[in-house]
Amino acid sequence: MTNYFHFSFFSERFRVFLLACVLLSVAGPSAAGEGATRTITLPEAIALARKQSVDAASALGQLKSAYWSYRTFRANLLPEVNFSTTMPSYRKNYSVYQQSDGSHTYVRNDYMSLNGALSIDQSIWFTGGTLSLSTSLDFMTQLGGGKAGRQFMAVPVVLTLNQPIFGVNTVKWNRRIEPLRYAEAQANFLTATEQVTMTVIQYFFNLLLARENVTIARQNLQNAEKLCEVAESKRRMGRISENDLLQLRLNVLNARSSLTSSESSLRSQMFSLCSYLALDNVDELIPVLPDEVPSLQLNYDEVLEKALANNAFSYNIRRRQLEADYYVAQTKGNRRQVSLYAQVGFTGSDNVFDNAYRELKDNQVVEVGMRIPLLDWGKRRGQVKVAESNREVVRQQLRKEATDFNQSLFVLTEQFNNQVNQLHIAIAADSIAQRRYRTNMETFLIGRISTLDLNDAQSSKDDARRKCINELFSYWYYYYQIRSITLWDFAAQTNIDADFEQIVR
C-alpha cells in the first residue's frame, strides 16, 4: 500500500496556513462583492481541466481524427460493394465512319441507353492485388430514321483479377504501419491528458501562491502599522532614533503597496484558472493546499521500462523505421512495372430482356502489361540510393532521440526523488523562519535589535513560506510529468489507460 506523509507531521505551520486560506474567503479582497465563492482542491481542478479545458478538447479532437483514419484503413481491408448506373444517356449527333472502300463519311446517331453494374471488390493484402466479382446490364434503343429498336446486353457474372507483379505491396506495409500509428495516437492522447494536469497544476499553485502573498502582505501591513505606533511612542520618549522611525513609516507604505499589488495579482491568477477550467459565475475561487503527497522513491530502470512500453515515443520510433523501409521498397518496385490483368465471365445479348440471360457466351480476357526502362540515365537507381540514404539518416536520428529520451528521463527521475527531501527541508525552514520573525519582533519592541535586522527576518519568513509552496508545486509537477511519459501511476501501481471506443463516440 502506498505511504503518504502529511505536512502536519513535519510542521504545524501548514495547518495554520490551511486555516488562513479558509479565513481569507471571508476577509479576502473579493469577499465584499456579490457572487459565487467556490473552494476547490487540486484533484477537483485536475478533474475539471481534463473534462472542460480547451487543451483537453484539442487532445480529444486529435484522437478522434486518428481513430477515424484507422477505421478507414480497416474498412479498406474488407470487401467493398459498389453500384454504378447511368439512367438515361441520350445522344443525337454525328460521328466519323470508315466505309469498306476506305472512304470516310459521317453517320447520324440517335439513341438512348441505360446501364447498371453491381460489383464486390476485395483487396488481397498478401499479394497487393484486387479481386472483383461483378454483374451488369446494358440497354440501348435507337430512335428516329425508321430504325427504332432496342437491345439488351447482360453480363451475369465476371471475375476480375488485377495484380502487380514486382511493385511494392502497399496494403501489406499499411497493415504494419497503421496499427502503430493509431497506438501512437492513443498514447499521445493519454500523454496530452497528463499534460493538461501539469498545466492546471501550474495555474492552481500560481493562485495558491498569490493568495499566500496576499496573506503575507496583509499580515506584514498589520505588523508594520503596529511597530510604527510603538516607534512613535518611543520617539516621543527619545528611545528611538529619527532614522529608525522614518524607516518604519516607509515600511508601512511599502507594505500597503505590496498588499495592493498582491491583491491585483490574485485577481489575475484567479481569472486565469477559472478561464482554463471554463468556470463561469465564480467571483472568488479558493484553492485548498494539498495536505498530503505520496511518499515515493522511483527506480530509474522501472521508470524506463514503463516509458518504453507505453510512451508514444516507442510507437513513433517503430513507425518511422517502417516508413523509411517502405519508401526504399517503393523506389525499388518503381524500377520496373509488370502487372497481370485477368477476367473470366459470361455475356449475352438479345432484343428481349429474358433472352439476354440465355445462351450465354464465355468472356475471357488475359493481359500482362510490362514497362521496363531501357535507358533512364541512372534516374531510378539514384532514387533508390536517395531512399536508402534517407533511411540511414532516420536510423541515426532515432538512435540520438532514443539516447536523449533515456537521459532526460534519468534526470527527471533523479529530480523527483530529490524533491521529497527538498520539500521536507522547505517545511522545516518555514517553521524556523516563522519562529525567528516572532522572536525578532519581540526583541525589537524592547529595543535590542535594529529595523534592518527586523526587515531581514521578515524577508526570510516570507521567502521561506513561498519556497515551501513552490517545492510542493515542483513535487506534483514532477510526479505528473513522469506519469505523462510512462503512462503509469506509480502511487496506485496501475497502468494509465482509457476506453477509447467510448471516448470517441
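Structure report, in brief. Bear in mind that the values here come from a model prediction, so they are computed numbers and not experimental data.

Focus: helix α9 (residues 379-445)
For step 1, the next point in the chain: The terminal C-alpha atoms of α9 lie 92 Å apart, and with 67 residues this matches the ideal 99 Å at 1.5 Å per residue to within 8%.
For step 2, the next point in the chain: For α9, the principal kink sits at Gln-419 and spans about 30 degrees.
For step 3, the next point in the chain: Phi for Gly-447, located one or two positions after α9, is positive at around 80 degrees.

So, the sheet that holds strand β6 (residues 149-164)
For step 1, the next point in the chain: Taken in spatial order, the six strands line up as β3-β4-β5-β6-β9-β10 in an open sheet, and their pairing is antiparallel. Because the sheet does not close on itself, it has two edges, and the strands there are β3 (80-98) and β10 (361-371). Between one strand and the next, the sheet's axes are offset by a mean angle of 20 degrees, whatever the strand orientation.
For step 2, the next point in the chain: Of the strand pairs in this sheet, strand β9 (residues 337-350) and β10 are connected by 11 bridges, and their pairing is antiparallel. By the bridge assignment for β10, Leu-340 is matched with Val-368.

Some points on the packing of aromatic side chains
For step 1, the next point in the chain: Inspection of the entire model under this criterion finds 23 aromatic pairs.
For step 2, the next point in the chain: Cluster of aromatic residues (ring-pair linked, three or more members): Tyr-67, Trp-68, Tyr-70, Phe-73 and Tyr-182.
For step 3, the next point in the chain: A cation over an aromatic ring shows up here: Arg-175 above the ring of Trp-125, its NZ or CZ 4.1 Å from the ring centre.
For step 4, the next point in the chain: Positioned above the aromatic ring of Trp-173 is the side chain of Arg-176, whose terminal nitrogen or guanidinium carbon lies 5.0 Å from the ring centre.

Points about the layout of surface pockets
For step 1, the next point in the chain: As a volume, the second largest pocket reaches approximately 290 Å³.
For step 2, the next point in the chain: Lining of the second largest pocket is provided by 20 residues; of these, Asn-220, Asn-251, Ala-255, Gln-458 and Asp-462 occupy positions nearest its centre.
For step 3, the next point in the chain: Contributing elements (two or more residues each) for the lining of the second largest pocket: α5 (170-236), α6 (242-277) and α10 (451-486).
For step 4, the next point in the chain: Counted by class, the lining of the second largest pocket contains eight nonpolar, nine polar and three charged residues.

What counts and what doesn't
- Residues numbered from 1 in each chain as written.
- Predicted model: local features only at pLDDT ≥ 70, side-chain atom pairs only at ≥ 80, totals over all residues.
- Heavy atoms only, no water.
- Helix = DSSP H or I, 4+ residues; strand = E, 2+ residues; numbered from the N terminus.
- Expected span 1.5 Å × (residues − 1).
- Bend = angle between axes of the 7 residues up to and from the residue.
- Pairing = 2+ DSSP bridges.
- Axes fitted to C-alpha atoms, helices over the stretch in contact; angles between N-to-C directions.
- Phe/Tyr/Trp six-rings, centres within 6.5 Å; stacked < 30°, edge-to-face > 60°.
- Lys NZ or Arg CZ within 6 Å of the ring centre and 35° of its normal.
- 1 Å grid on protein atoms, 1.4 Å probe; cavity = no way out; pocket = protein on both sides within 12 Å on 5 of 7 lines; lining within 4 Å.
- Points joined across faces, edges and corners; volume = space filled by probe spheres on them.
- Nonpolar A, V, L, I, M, F, W, Y, C, P; charged D, E, K, R; others polar.

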